[in-house]
Amino acid sequence: MAEDMSIESYLAQGGVLTNPANVPARYRAELMKLMATFVDSELAGAAGFADIINAGPSIKERIAAAKIVLEKTDNADRVLRIMGDFGADTERYANHHPWTARLERGADIGTARTERDMRLAVFNYPLEGWADAVVMNLLMGRAVAVQMAEFSMVSYQPLAEAFRAIAPVEARHAELAEEGVIKLLERGEDGLQGSVDYWWPRVAASFGSTTSTKSESLKAMGLRRATNAEWKARWEAEAGAVLKRLGLTVPA
């Protein structure tokens, strides 16, 4: 970075940071929020799916589910270690929140977070059995793919590198979910469309408000490239194509 250039200008021109000591306060706050949201969502998602493992209809599917739980927890740990560089208490973190806590099935909190932690709103809803869990992971897996494409290019280099390592792992989780739905369809499973109808709007809400203007300031810091609306539109197109391929429909 040129000596006469401010960090803000450096970031706005596509510069990257590599050391916590060089990070401005506002940038640090937004970076920590991004990391906490990811870590909390991974831990909450893993905790919820862990309760479903033994509902798997075969040993192979239970092994796949257990692997997803392990890898999501590992992904959370990878980012949590970077939070530790900024002073987060990584030893206490995992036990600090009730990761298995869920709202009632009929609750609808939109894009809101609860006071418990920073998980995305979608991870506050309960899973109802194996088929429901597989559908949720199918839709959320596509949402994560959209997010990983952005997060892998954030301006804090150690985090970008972590997300580039995490992205293919999360992509495989989405593939396993699609394989799971295909098996359920082959077995004549009823109720898959009902799960799609339930989870679609809740996963869509994970992209945040489509009228938010905050993405502009995040772009200036190199922490975002697209708006919430652009994220959501990309997910709707990709997830919608998957559902069509499987013979399921996007809720009206």
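Note that this is a predicted model, so its numbers are computed, not measured.

Caption draft 1: Spotlight on the layout of surface pockets. By volume, the second largest pocket amounts to about 290 Å³. In terms of lining residues, the second largest pocket is bounded by 18 residues, among which Lys60, Glu61, Ala64, Ala65 and Leu176 are the most central. Of all elements in the fold, only α3 (59–85), α5 (129–151) and α6 (157–186) reach the threshold of two or more residues within the lining of the second largest pocket. Counting residues per element, the lining of the second largest pocket draws most heavily on α3, which supplies eight residues. Of the residues belonging to the lining of the second largest pocket, the class tally is nine nonpolar, two polar and seven charged.

Caption draft 2: Highlighting the packing of aromatic side chains. Taken as a whole, this structure holds twelve aromatic pairs when the rule is applied. Each ring, one from Phe49 and one from Trp130, has its centre 6.3 Å from the other, and the planes form 25°; the classification is stacked. Placement of the pair is Phe49 in helix α2 (residues 25–50) and Trp130 in helix α5, with a sequence separation of 81 residues. Here the two residues Phe49 and Trp130 agree in accessibility, since each one is buried. Each member of the aromatic cluster is reached from another via a ring pair, and the members are Phe38, Phe151, Phe163, Trp200, Phe207, Trp231 and Trp235. The positively charged end of Arg105 is found above the aromatic ring belonging to Tyr198, 3.6 Å away from the centroid. One residue, Arg202, lies across the ring of Tyr198, its end atom 3.8 Å from the ring centre.

Caption draft 3: Structural detail: helix α9 (residues 228–246). The end-to-end C-alpha distance of α9, which contains 19 residues, comes to 27 Å, matching closely the 27 Å that a straight helix rising 1.5 Å per residue would cover. For α9, the complete set of buried residues consists of Asn228, Trp231, Trp235, Ala239, Gly240, Val242, Leu243 and Leu246. Viewed along the axis of α9, the buried residues span an arc of 160°, placing them on a single side of the element. Facing away from the buried surface of α9 by more than 90 degrees, the exposed residues are Ala237, Lys244 and Arg245. In this structure, the buried residues of α9 make contact with α5, α6 and α7 (192–204). Where α9 terminates, the next one or two residues include Gly247, which has phi positive at roughly 85°.

Caption draft 4: Focus on the environment of Asn22. Along the chain, the position of Asn22 falls in the loop between α1 (7–12) and α2. Here Asn22 falls in the partly exposed class, since its relative accessible area comes to 42%. Taking C-alpha positions, Asn22 is 34 Å from Trp235, a pair spaced 213 residues apart along the chain. Among all residues touching Asn22, those that are not within four sequence positions of it are Ile7 and Leu17.

Caption draft 5: α3, seen in detail. Between its first and last C-alpha atoms α3 spans 40 Å; for 27 residues at 1.5 Å apiece the expected length is 39 Å, and the two agree. Just beyond α3, the residue with positive phi is Gly87, at close to 100°.

Caption draft 6: Highlighting the side chain of Gln147. Note on placement: Gln147 falls in helix α5. Dropping the residues within four chain positions of it, Gln147 is found in contact with Leu120, Ser206, Phe207 and Trp231.

Caption draft 7: Layout of the packing of α6 against α9. The geometry of α6 relative to α9 is characterised by a closest axis approach of 11 Å and an angle of 25° between their N-to-C directions. Here α6 lies roughly parallel to α9, going by the angle between them. Note on packing geometry: the crossing formed by α6 with α9 is right-handed. Of the residues in α9, those touching α6 at Glu178, Val181, Ile182 and Leu185 are Val242, Arg245 and Leu246. For the contact of α6 with α9, a count of residues per class yields five nonpolar, no polar and two charged.

Caption draft 8: Structural view of the packing of α5 against α9. For the pair α5 and α9, the least separation of the axes is 9 Å and the interaxial angle reads 140°. Judged on the interaxial angle alone, α9 and α5 are oblique. Judged by the sense of rotation from one axis to the other, the crossing of α5 with α9 is right-handed. Contacts between α5 and α9 pair Leu138, Leu139, Arg142, Ala143, Val146, Gln147, Glu150 and Phe151 from the former with Trp231, Arg234, Trp235, Glu238, Ala239, Val242, Leu243, Arg245 and Leu246 from the latter.

Caption draft 9: A look at the nonpolar core. Core analysis: the biggest nonpolar cluster contains 79 residues, and Leu159 and Trp235 have the highest contact counts within it. Where this core is concerned, the elements lending two or more residues are α1, α2, α3, α5, α6, α7 and α9. With 14 residues, the single largest contributor to this core is α5. When neighbours within four sequence positions are excluded, Trp235 is seen to be in contact with Leu139, Arg142, Ala143, Val146, Trp200, Val203, Ala204, Phe207 and Gly240.

Cut-offs applied
Residues numbered from 1 in each chain as written. Predicted model: local features only at pLDDT ≥ 70, side-chain atom pairs only at ≥ 80, totals over all residues. Heavy atoms only, no water. 1 Å grid on protein atoms, 1.4 Å probe; cavity = no way out; pocket = protein on both sides within 12 Å on 5 of 7 lines; lining within 4 Å. Points joined across faces, edges and corners; volume = space filled by probe spheres on them. Helix = DSSP H or I, 4+ residues; strand = E, 2+ residues; numbered from the N terminus. Nonpolar A, V, L, I, M, F, W, Y, C, P; charged D, E, K, R; others polar. Phe/Tyr/Trp six-rings, centres within 6.5 Å; stacked < 30°, edge-to-face > 60°. Buried < 20%, exposed > 50% of the residue type's maximum accessible area, 1.4 Å probe, protein only. Lys NZ or Arg CZ within 6 Å of the ring centre and 35° of its normal. Expected span 1.5 Å × (residues − 1). Arc of directions from axis to C-beta. Contact = heavy atoms within 4.5 Å. Axes fitted to C-alpha atoms, helices over the stretch in contact; angles between N-to-C directions. Parallel < 35°, antiparallel > 145°, perpendicular 65-115°, else oblique. Left-handed = near helix turned anticlockwise from the far one by under 90°. Core = buried A, V, L, I, M, F, W, Y, C linked by side-chain atoms within 4.5 Å.

Remember, this is a structural readout, not a statement about activity or role.
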